[in-house]
Amino acid sequence: MDFVTMSDGARLATWTDPGPDGAPAVILVHGGPGLWDYLAPLAGLLAGYATVHRYDQRRCGSSTGPAGAGAEEDDVPDGGEADAPPADLTMERSVADLEELRIVFGHEHVVLVGHSFGATLALAYAGTHPQRVIGLGYLDGVGVGDWRSAYRPERARRLAPWAERFAALDGRERSREEEIEWRRIQWATDYADPRAGYELALPMARSDHAINRAANRALMSWDDMDQITWATATRCPVTFIHGSADPRAVGPVMALSAHTRAPRKRVVSEAGHLPWVEEPAQVEEILAELVASARSRD
């Protein structure tokens, strides 16, 4: 792990996996917002195809804000009183962080692969700096339109086996073991098979990092028109990748794809919101195609 200092003094934790000589550079953008980088397995699928960079977004994971405050200082317990989020937690600043990282990493052009909220952030960067992005993977984002109406009942259905226990844990302070259990239950619903997902979610749930709810509140302020504006401004092909069993329906993602110049649509069968965990071979094939296409544009 290395730290990169931003122009406003924030320090971002980064990781780099070197690729073959002449290989494209890929920056992976994690979701949340308010989580930490969990995309090392996805980076592993790109080994041999690209140089891969990952990072913790500001005030998340091991990264800090400009005053040196870590994620934990911005967090509040479920049900607690929340102050106004720090002023540096904006989409504009998050896009600027990506641009500063690109420069520090030393790449004229990059491929971006963003997951969940990270898909939106990657799209925002590509729309703001279209000349710098030669390929974009929009991985299990939410798209545009009403995605929540279908998501909420489907999530509740998947949560049903643990509903009583989840209610007992939610909305209060938790011990470390309770926090791990709470995370596993809610993240299990993101998998095609929630029972299997409860086990698959364990490595991420065990992270020592706090979930930064201040970042989540602050960075979920974009709307459909923002995404459409960014999508319209992109110049590179955008590959829309979506798990067939993601509780977030694919329809709104396809609606967003209509606003890009060269959309490519790839469904990962039998996979949920983290398709590289359940179906790594399918995802690797899609990523290899994305990088190969970007390489021809570099």
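Higher on the page you've got the structure.
Now for a look at the structure at hand. Since the model is a prediction, treat every value here as computed from it, not as a measurement.

**What to know about the overall build of the protein**
- The number of helices and strands found in the protein is 14 helices and eight strands.
- Along the three orthogonal principal directions, the C-alpha set of the protein runs to about 55 × 45 × 35 Å.
- Here the protein holds 298 residues, and 57% of them are scored as buried.
- A separation of at least 24 residues holds for 74% of the contacts in the protein among residues at least 6 apart in sequence.
- Total accessible area computed for the protein in this model is approximately 12200 Å², and 50% of it derives from carbon and sulfur atoms.
- The positive charge centre, built from 30 side chains, and the negative charge centre, built from 44, are 3 Å apart in the protein.

**Looking at unusual backbone geometry**
- For the peptide bond that leads from G32 to P33, omega is -20°, which places it in the cis range.
- Tracing the backbone shows P33 in the loop between β3 (25-29) and α1 (40-45).
- The backbone of S116 shows a phi angle near 60°, a positive value even though the residue is not glycine.
- Residue E270 is not a glycine yet carries a positive backbone phi of 60°.
- Looking at E270, the relative accessible area reads 58%, which means it is exposed.

**Thoughts on the packing of aromatic side chains**
- In this structure the tally under the stated criterion is six aromatic pairs.
- Aromatic pair W147 and Y151: ring centres 5.5 Å apart, planes at 55°, arrangement tilted. When sorted by exposure, W147 lands in the same class as Y151, which is buried.
- On the basis of an interplanar angle of 20° and a centroid distance of 5.6 Å, the ring pair of W162 and Y198 is categorised as stacked. With W162 in the loop between α5 (148-159) and α6 (163-169) and Y198 in helix α8 (residues 194-200), the pair connects residues that are 36 residues apart, well separated along the chain.
- The ring of W162 is capped by R195, whose NZ or CZ atom sits 5.5 Å from the centre of that ring.

**Remarks on helix α3 (residues 91-105)**
- In this model, α3 (15 residues) spans 21 Å end to end at C-alpha, consistent with the 21 Å of a helix rising 1.5 Å per residue.
- Among the 15 residues of α3, eleven are classified as buried, and the element is accordingly described as predominantly covered.
- Considered for burial, the residues of α3 that qualify are M91, R93, S94, V95, D97, L98, E99, E100, L101, R102 and F105.
- G106, located one to two residues past α3, shows a positive phi value of around 85°.

**Notes on the side chain of T239**
- Tracing the sequence through the fold places T239 in strand β7 (residues 238-243).
- Residue class for T239 comes out buried when judged on its relative accessible area of 2%.
- With near-sequence residues (within four places) excluded, T239 lies in contact with L136, G137, Y138, R264, R266, I286 and L290.

**Looking at the packing of helix α4 (residues 117-128) against helix α11 (residues 224-233)**
- Close contact between α4 and α11 brings their axes to 7 Å; oriented N to C, the two are set at 50°. One finds that α4 runs oblique with respect to α11. Once α4 is placed against α11, the crossing between them reads as left-handed. Along its contact with α4, which presents T120, L123, A124, A126, G127 and T128, the element α11 presents Q227, W230, A231 and A233.
- Across the contact of α4 with α11, the residue classes tally to six nonpolar, four polar and no charged.

The rules behind these values
Residues numbered from 1 in each chain as written. Predicted model: local features only at pLDDT ≥ 70, side-chain atom pairs only at ≥ 80, totals over all residues. Heavy atoms only, no water. Helix = DSSP H or I, 4+ residues; strand = E, 2+ residues; numbered from the N terminus. Buried < 20%, exposed > 50% of the residue type's maximum accessible area, 1.4 Å probe, protein only. Contact = heavy atoms within 4.5 Å. Areas by Shrake-Rupley, 256 points an atom, 1.4 Å probe, with all protein chains shown as cover. Lys, Arg positive; Asp, Glu negative; His and termini not counted. Charge placed at Lys NZ, Arg CZ, Asp CG, Glu CD. Phe/Tyr/Trp six-rings, centres within 6.5 Å; stacked < 30°, edge-to-face > 60°. Lys NZ or Arg CZ within 6 Å of the ring centre and 35° of its normal. Expected span 1.5 Å × (residues − 1). Axes fitted to C-alpha atoms, helices over the stretch in contact; angles between N-to-C directions. Parallel < 35°, antiparallel > 145°, perpendicular 65-115°, else oblique. Left-handed = near helix turned anticlockwise from the far one by under 90°. Nonpolar A, V, L, I, M, F, W, Y, C, P; charged D, E, K, R; others polar.

The quantities given are spatial measurements derived from coordinates; they are silent on function.
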